[in-house]
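As a plain string of letters, each chain reads:
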Amino acid sequence: MQRSNAAWTSNLGMANARTTFTATRASYAAGLNVHREVEHNTGSTPFEFTAENYEEIGRILKKYPKNYKASAVIALLDLAQRQCDGWLPLAAMNKVARVLDMAPIRVYEVATFYTMFNREKVGRNNVQVCCTTPCMLRGGYDILDAVKKHLGVEVGQSTPDGMFHLMEVECLGACVNAPMLQVNDHMYEDLTPETAVKVLETIRAGKQPKIGPQIDRNGCEGPQGRTTLNEPASGPFCRDLNAAMKKYKDEEAKKMEAKKAGAKK
Ligand code: FES
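Let me sum up the structure you'll find in this document.

**Quick notes on the overall build of the protein chain**
Moving on, step 1. Tallying secondary structure elements over the protein chain gives eight helices and seven strands in all.
Moving on, step 2. Counting all 265 residues of the protein chain, 34% fall into the buried class.
Moving on, step 3. A separation of at least 24 residues holds for 58% of the contacts in the protein chain among residues at least 6 apart in sequence.
Moving on, step 4. About 17,100 Å² of surface is accessible on the protein chain, with carbon and sulfur atoms providing 55% of the total.

Shown next as structure tokens:
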């Protein structure tokens, strides 16, 4: 099937050759990476974290040294996105920048890099179909086509009732159970076009579909079942860092004493 609507050329310097590449699909993820100034999304649109989320921010920031609190940027963007029903207004990103003492551009860079952050309003159920190589080889585009047909939308669009939004995304880390899609926080794997549609129908009916593989597979086990990690883990499970430090210091002190005793002889 001819899927291409984009082609471009590239100079390959080493071989001094001009090669033409044809994309299997246009890249849609980038469509959400650009700020579009609209009435409900300007820098001055009101946004404030809720009291509960400020408490959560306090808990998150305790995990990082004070001079590295920018490390919490993804966690705070996620909080802001959840508070905004699944998308990140510009004002929310600016708020995160102020809370973390970051330049706003540094926050925009993070928010636009990860497809988990939505720069525009999305439907209540954000359907993300993976079409990266392992999923593509296992029929990812057939899943995407089935979802598009079932929802009556193209990639980047929401259904008129706001129930679903469709995205094509890069690898979501469940390649071993390809093809797969994610809806909000849950992944649905080992899909066929039919089971993908069934997942969406179940969600539309207000029920929770079975999370994970949609075939008779346990987790990501192969056909032979579980072959590793069959024994209980032997540990250590959680190191007592103070005890470890004391042991290290005691051993170092003993070594020093032995060295000194050796020097006196
Ligand atoms: S390629 Fe689809 S989950 Fe990795």
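**Some remarks on helix H7 (residues 193-204)**
Moving on, step 1. Its twelve residues give H7 an end-to-end C-alpha distance of 17 Å, which sits within 8% of 16 Å, the value for a rise of 1.5 Å per residue.
Moving on, step 2. Among the residues making up H7, those that are buried are Ala196, Val197, Val199, Leu200 and Ile203. The buried residues of H7 occupy an angular sector of 150° when projected down its axis, which confines them to one face. The exposed set on the far side of H7, more than 90 degrees from its buried face, consists of Glu194 and Lys198.
Moving on, step 3. Check the buried side of H7 and you find it contacts strand E3 (125-130), helix H6 (140-151), strand E4 (164-169), strand E5 (181-183) and strand E6 (186-189).
Moving on, step 4. Gly206 sits one or two residues past H7 and shows a positive phi near 80°.

**Thoughts on the packing of helix H3 (residues 90-99) against helix H4 (residues 104-113)**
Moving on, step 1. In the contact formed by H3 and H4, the axes pass within 8 Å of each other and the chain directions differ by 120°. In terms of orientation, H3 and H4 fall into the oblique class. Considering how the two elements wind past one another, H3 and H4 form a crossing that is right-handed. Listed contacts from H4 to Leu90, Met93, Asn94, Val96 and Ala97 of H3 are Pro104, Val107, Tyr108 and Ala111.

**Observations regarding unusual backbone geometry**
Moving on, step 1. Cis geometry marks the peptide bond from Ala178 to Pro179, where omega comes out at 0°.
Moving on, step 2. Positionally, Pro179 belongs in the loop between E4 and E5.
Moving on, step 3. Phi is positive for Asp101, close to 55°, though the residue is something other than glycine.
Moving on, step 4. Along the chain, Asp101 turns up in the loop between H3 and H4.
Moving on, step 5. Look at Asn184: it is not a glycine, yet its phi comes out positive at around 50°.
Moving on, step 6. With respect to the secondary-structure elements, Asn184 resides in the loop between E5 and E6.

**Quick look at the layout of surface pockets**
Moving on, step 1. Here the largest pocket is characterised by a volume of approximately 520 Å³.
Moving on, step 2. Mapped onto the lining of the largest pocket, the elements with two or more residues apiece are helix H2 (73-83) and E3.
Moving on, step 3. Of the residues that constitute the lining of the largest pocket, the class distribution is five nonpolar, nine polar and five charged.
Moving on, step 4. The residue makeup of the lining of the largest pocket includes at least three contributed by each of domain 1 (8-28 + 121-213) and domain 2 (34-113).

**Remarks on the pairing of E3**
Side-chain positions along a regular strand alternate between the two faces of the sheet.
Moving on, step 1. Burial within E3 is extensive, with six of its six residues counted as buried.
Moving on, step 2. Side-chain alternation along E3 places Asn125, Val127 and Val129 on one buried face and Asn126, Gln128 and Cys130 on a second face that is also buried.
Moving on, step 3. In terms of strand pairing, E3 meets E4 through six bridges, oriented parallel. Residue pairing in the sheet places Val127 in a bridge with Leu166 of E4.
Moving on, step 4. Across three bridges, E3 lies against E5 in antiparallel orientation. If you follow Val129 over to E5, its bridge partner there is Leu181.

**Some words on the pairing of E6**
Moving on, step 1. Where E5 lies against E6, three bridges are found, and the strand directions are antiparallel. Bridged to Val183 within E6 is His186.
Moving on, step 2. From the end of E5 to the start of E6, which pair antiparallel, there are two residues, and Asn184 there has a positive phi angle of about 50°.
Moving on, step 3. Crossover connection from E6 via H7 to parallel strand E7 (residues 212-213): handedness left-handed.

Conventions we followed
Residues numbered from 1 in each chain as written. Predicted model: local features only at pLDDT ≥ 70, side-chain atom pairs only at ≥ 80, totals over all residues. Heavy atoms only, no water. Helix = DSSP H or I, 4+ residues; strand = E, 2+ residues; numbered from the N terminus. Buried < 20%, exposed > 50% of the residue type's maximum accessible area, 1.4 Å probe, protein only. Contact = heavy atoms within 4.5 Å. Areas by Shrake-Rupley, 256 points an atom, 1.4 Å probe, with all protein chains shown as cover. Expected span 1.5 Å × (residues − 1). Arc of directions from axis to C-beta. Axes fitted to C-alpha atoms, helices over the stretch in contact; angles between N-to-C directions. Parallel < 35°, antiparallel > 145°, perpendicular 65-115°, else oblique. Left-handed = near helix turned anticlockwise from the far one by under 90°. 1 Å grid on protein atoms, 1.4 Å probe; cavity = no way out; pocket = protein on both sides within 12 Å on 5 of 7 lines; lining within 4 Å. Points joined across faces, edges and corners; volume = space filled by probe spheres on them. Nonpolar A, V, L, I, M, F, W, Y, C, P; charged D, E, K, R; others polar. Domains from an automatic or database assignment. Pairing = 2+ DSSP bridges. Right-handed = clockwise from strand over helix to strand, strands pointing away.

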